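Examining the three-dimensional arrangement
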Amino acid sequence: MVFRIGPKSEVLFGEGASEQIGEKTKLLGCTRVLCVYDQGVKDAGIVGPVIEGLKKAGLEIIQFGGVLPDPPDTMINQCGELARNGRVDGIVGIGGGSTLDTAKAVNVLLGNPGPIENYYIQPGASPHKPGKPLVLVPTTAGTASEITYVAVLTRTATGAKQGVLGPATIASLAIVDPLLTLGLPPAITATTGMDTFAHALEAYTAAGRNMMSDVLSEKAIALTVQYLPKAVGNGSDVEARTNMSFACLIAGMAFTDAKTHFGHAFGHSLGARHHVPHGTGCAIAQPGVIAVVAEHLPEKVRRVGELMGLLLGNDLSPAELGRKVSERIAAFNREIGVPTLKQLRITESDLAPLAEGLMKDICFSFMPVKLGREEVLKVIEGLYAA
Ligand code: NAD
């Protein structure tokens with residue numbers, strides 16, 4: 001098997017790394033940058049010091065502080081207009097995945113004619129040219145958008161999540177400073193951390209998995225199991241935050257090459273229809289996904305169980321392995337506080353449309369085993385019954 005190793009973005013990682021943003025952005029040749037963020041990150045007191053750092057390095061700043069969750073393409077087009085009219089020569093995104101994806105998509109519009117809808121991943125999509133230097137500063141530990149190649153947007157015409165992919169959506173520099181995640185409330189820590197867990201679990205079993213993504217996934221699973229409960233329980237635990245930021249980064253590297261599958265397709269379908277946070281939707285699916293995967297990749301599922309602390313006898317059948325590891329993941333979900341579908345007020349009549357949305361999602365194509373509609377619905381019904 002031939003595979004690629006390494007992210008395309010340079011990464012600066014560590015406690016306090018964001019203090020270097022001014023000099024690093026200037027080194028990229030920027031003089032006037034658009035800073036993109038949302039109200040929550042501003043209210044958390046994160047944006048001010050980052051902008052100060054940029055100003056101290058002599059950079060001029062234009063600001064867009066209106067990022068919306070699940071960024072709609074209409075908002076991207078407005079922000080792109082601001083960036084073009086402001087004649088910026090660089091973009092800095094400061095925030096969670098919604099903000100980083102907004103910064104990426106706006107960068108597409110800096111190097112290419114709009115609207116952004118022209119560049120959705122779909123047959124006949126326009127290829128795009130590189131934009132300007134793009135600096136991404138994550139403030140959640142979940143999506144790894146800072147090093148992935150895709151911007152995930154909401155296509156307002158259909159309400160579905162859809163990606164834009166190409167040279168302008170690759171960060172020139174990712175600055176991962178775990179101290180920026182200290183103020184994340186427990187619920188957002190939980191849902192974003194479970195996104196990391198889902199990246200690692202799915203990359204470990206995806207059709208595109210390879211030797212390197214396996215190494216990265218195993219470490220990310222182990223770190224998440226050890227540190228996510230601590231980060232949720234005590235947000236000021238710097239060791240837990242640093243390890244979760246690192247787990248997020250390496251899980252992102254793993255899934256960039258190996259891809260994610262059923263759980264992410266489910267998370268996208270649930271998010272688009274019921275506005276459930278992305279990581280929560282992905283987490284809800286994992287017990288069902290691992291049980292299905294166990295029939296085809298029992299040794300990978302056994303290793304997941306071991307990484308989660310299970311002692312698994314050599315005589316277990318694939319179905320038994322799947323059941324035990326599925327129960328362990330379900331218990332981890334409960335420990336982290338992931339709600340059930342019923343708690344989210346999803347009804348039985350929502351399940352079939354969820355399955356249809358899931359099967360249309362590109363991630364579904366990376367399942368290691370092909371499932372038909374009835375099988376997909378059965379997995380979702382199992383999740384609903386749990
Ligand atoms: P988010 O960016 O939507 O942020 C969630 C909330 O957390 C917001 O209200 C925000 O203000 C707040 N917040 C963020 N950081 C904070 C901090 N340090 N302190 C206090 N509050 C803070 O959430 P997310 O889970 O990071 O991103 C989800 C989005 O990322 C979805 O649209 C998903 O589809 C996308 N995604 C993208 C990729 C990719 O590779 N591009 C991968 C996975 C998910």
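Provided above is the structure to which this section pertains.
Below is a short write-up of the structure. Quantities reported herein were computed from a predicted structural model and do not represent experimental measurements. What you see as residue numbers is a count from 1 along each chain, following the sequence as written. Local features in this predicted model are restricted to residues of pLDDT 70 or higher, and side-chain atom pairs are both shown and tallied only at a pLDDT of 80 or more, whereas totals for entire chains, interfaces and linings draw on every residue. Remark: hydrogens and water are excluded; side-chain values derive from all non-hydrogen atoms of the structure.

A closer look at the packing of aromatic side chains
Pairs of aromatic rings are described using the distance from one ring centre to the other and the angle between the two planes. We apply this condition: The rule is short: rings of Phe, Tyr and Trp, with Trp giving its six-membered ring, pair when the centres are within 6.5 Å, and they are stacked under 30 degrees, edge-to-face over 60, tilted in between. In DSSP terms, a helix is any run of H or I states spanning at least four residues, a strand is any run of E spanning at least two, and both are numbered starting from the N terminus. A ring is scored as having a charge over it whenever the NZ atom of a lysine or the CZ atom of an arginine sits within 6 Å of its centre and within 35 degrees of its normal.
Considering all chains together, one arrives at three aromatic pairs under this definition. Here the aromatic rings of F13 and F246 are separated by 5.7 Å at their centres, their planes lie at 75 degrees, and the arrangement is edge-to-face. Of this pair, F13 sits in strand β1 (residues 10-13) while F246 sits in helix α8 (residues 238-258), and the two are 233 residues apart along the sequence. A cation sits over an aromatic face here: K8 above Y149, 4.6 Å from the ring centre. It is K300 that lies over the ring of Y204; its NZ or CZ is 4.1 Å from the centre.

A closer look at helix α12 (residues 318-336)
Under the convention used in this document: The span one expects for a helix is its residue count, reduced by one, times 1.5 Å. Only heavy atoms enter the contact rule, under which two residues are in contact if any of them lie within 4.5 Å.
Spanning 19 residues, α12 covers 27 Å between terminal C-alpha atoms, matching the ideal 27 Å at 1.5 Å per step. Looking at the buried positions of α12, the neighbouring elements they touch are α6 (186-205), α7 (211-233), α10 (278-294) and α11 (298-307).

Here's the deal with the site of the ligand
Quick reminder of the rule: Proximity is defined per residue: if any heavy atom of the residue lies within 4 Å of a molecule or strand, that residue is considered near it. Pairs of N or O atoms are called polar contacts if they sit within 3.5 Å, as long as, within protein, a hydrogen donor faces a hydrogen acceptor (for residues adjacent in sequence, only side-chain-to-side-chain pairs). Polar here means any residue other than Ala, Val, Leu, Ile, Met, Phe, Trp, Tyr, Cys and Pro, which are nonpolar, and Asp, Glu, Lys and Arg, which are charged; Gly is therefore polar.
Taken together, 29 residues lie near the ligand, and D38, G97, S98, T139 and T148 sit nearest. Interatomic distance of 2.8 Å between a backbone N/O atom of G97 and an oxygen atom of the ligand. Between the ligand and L180, the relevant distance is 3.0 Å, taken from a nitrogen atom to a main-chain nitrogen or oxygen of the residue. Only α2 (39-43), α5 (97-111), β6 (150-154) and α6 provide two or more residues apiece to the shell around the ligand. Of the residues contributing to the shell around the ligand, the split by class is 10 nonpolar, 13 polar and six charged.

Here we look at the environment of A141
Our working rule: When accessible area is computed with a 1.4 Å probe and restricted to protein chains, residues below 20% of their type maximum are described as buried, those above 50% as exposed, and intermediate ones as partly exposed.
Here A141 is to be found in the loop between β5 (134-138) and β6. Note on A141: relative accessible area 8%, which makes it buried. C-alpha separation for the pair A141 and T196, spaced 55 residues apart in sequence, amounts to 7.4 Å. With sequence-adjacent residues up to four places away left out, A141 is seen in contact with T181, L184, T192, G193, T196, M244, S245 and C248.

Things to note about the sheet that holds strand β8 (residues 173-176)
Note the cut-off: Note on pairing: two strands pair once DSSP finds at least 2 bridges between them. Axis geometry follows a simple rule: fit a line to the C-alpha atoms, using only the stretch in contact for helices, then measure angles between N-to-C directions, giving values from 0 to 180 degrees.
As summarised here, the arrangement of the six strands in space is β1-β8-β5-β4-β2-β3, forming an open sheet in which the pairing is parallel. Edge positions in the open sheet fall to β1 and β3 (60-64), since each of these has one partner strand only. On average, adjacent strands in this sheet sit at an angle of 20 degrees to one another, irrespective of strand direction. Pairing of strand β2 (residues 32-36) with strand β4 (residues 90-95), which is carried by four bridges, proceeds in the parallel orientation. Bridge pairing in β4 places L34 opposite I91. Each of β2, β3 and β4 touches helix α3 (residues 47-56); the most contacted strand, β3, lies at about 155 degrees to it. Taken strand by strand, helix α4 (residues 73-85) contacts β2 and β3, and its axis lies near 160 degrees from that of β3.

Describing the packing of α6 against α11
Note the following rule: Angles are sorted into four bins: roughly parallel if under 35 degrees, roughly antiparallel if over 145, roughly perpendicular if 65 to 115, and oblique for all others. By definition, any crossing whose near helix is turned counterclockwise from its far helix by less than a right angle is left-handed, and any crossing with a clockwise turn is right-handed.
Running from N to C, α6 and α11 point in directions that differ by 150 degrees, and their axes come no closer than 10 Å. Judged on the interaxial angle alone, α11 and α6 are roughly antiparallel. Here α6 runs over α11; the crossing is right-handed. For the pair formed by α6 and α11, the contact residues are L201, Y204 and T205 on the first element and K300, R303 and V304 on the second.

So, the environment of T242
Among the structural elements, T242 can be located in helix α8. It is 33 Å that separates the C-alpha atoms of T242 and A83, two residues lying 159 residues apart in sequence.

Quick look at a nonpolar patch on the surface
Rule in force here: Like charges are joined within 9 Å and nonpolar side chains (Val, Leu, Ile, Met, Phe, Trp, Tyr) within 5 Å, but only among residues with over 30% relative accessible area and no salt bridge; these make up the patches. Residue-level accessible areas treat just the shown protein chains as cover; the underlying method is Shrake-Rupley with a 1.4 Å probe. Put simply, a salt bridge is a Lys or Arg side-chain nitrogen that is within 4 Å of an Asp or Glu carboxyl oxygen.
Taken together, the side chains of I5, M212 and V215 present a nonpolar region at the surface, about 260 Å² in accessible area. If you trace the backbone, I5 turns up in the segment before β1. For I5, a relative accessible area of 52% gives the class exposed.

As for the environment of L153
Tracing the chain through its elements places L153 in strand β6. Judged by relative accessible area, L153 falls into the buried class, the value being 0%. Sequence separation of L153 and P69 is 84 residues, and the distance between their C-alpha atoms is 9.3 Å. In this structure, L153 is in contact with P71, I76, D101, A105, I116, Y120, A160, K161, Q162 and V164, ignoring residues within four places of it in sequence.

So, the side chain of D195
Here is the rule: We treat Lys and Arg as the positive residues and Asp and Glu as the negative residues; His and chain ends play no part in the count.
Residue position: D195 is located in helix α6. Although D195 lies buried, it forms no salt bridge, and the closest oppositely charged side chain, K161, sits 9.0 Å away as judged by the N-O distance. With residues near it in sequence (within four places) discarded, D195 still touches G142, T143, H264, H278, G279 and C282.

Comments concerning the pairing of β2
Most of β2 sits out of view: four of its five residues are buried. Relative to β3, β2 is paired through five bridges, and the arrangement is parallel. Looking at β3, one finds that L34 is bridged to I62.

A word on the pattern of salt bridges
In a structure, side chains of opposite charge can pair up when their charged atoms sit close to one another. The tally for this structure, following the rule as stated, stands at 10 salt bridges. One salt bridge in this structure joins E218 and R303, with 3.3 Å as the shortest N-O distance. A residue pair is termed long-range when its members are at least 10 positions apart, and E218 in helix α7 and R303 in helix α11 qualify at 85 residues. Take E218: its relative accessible area is 23%, and that puts it in the partly exposed class. Across the salt bridge formed by R302 and E299, the nearest N and O atoms sit 3.4 Å from each other. One end of the pair is R302 and the other is E299, both in helix α11 and three residues apart, which spans about a single turn. The structure contains a network of salt bridges with shared partners spanning E218, R303 and E306.

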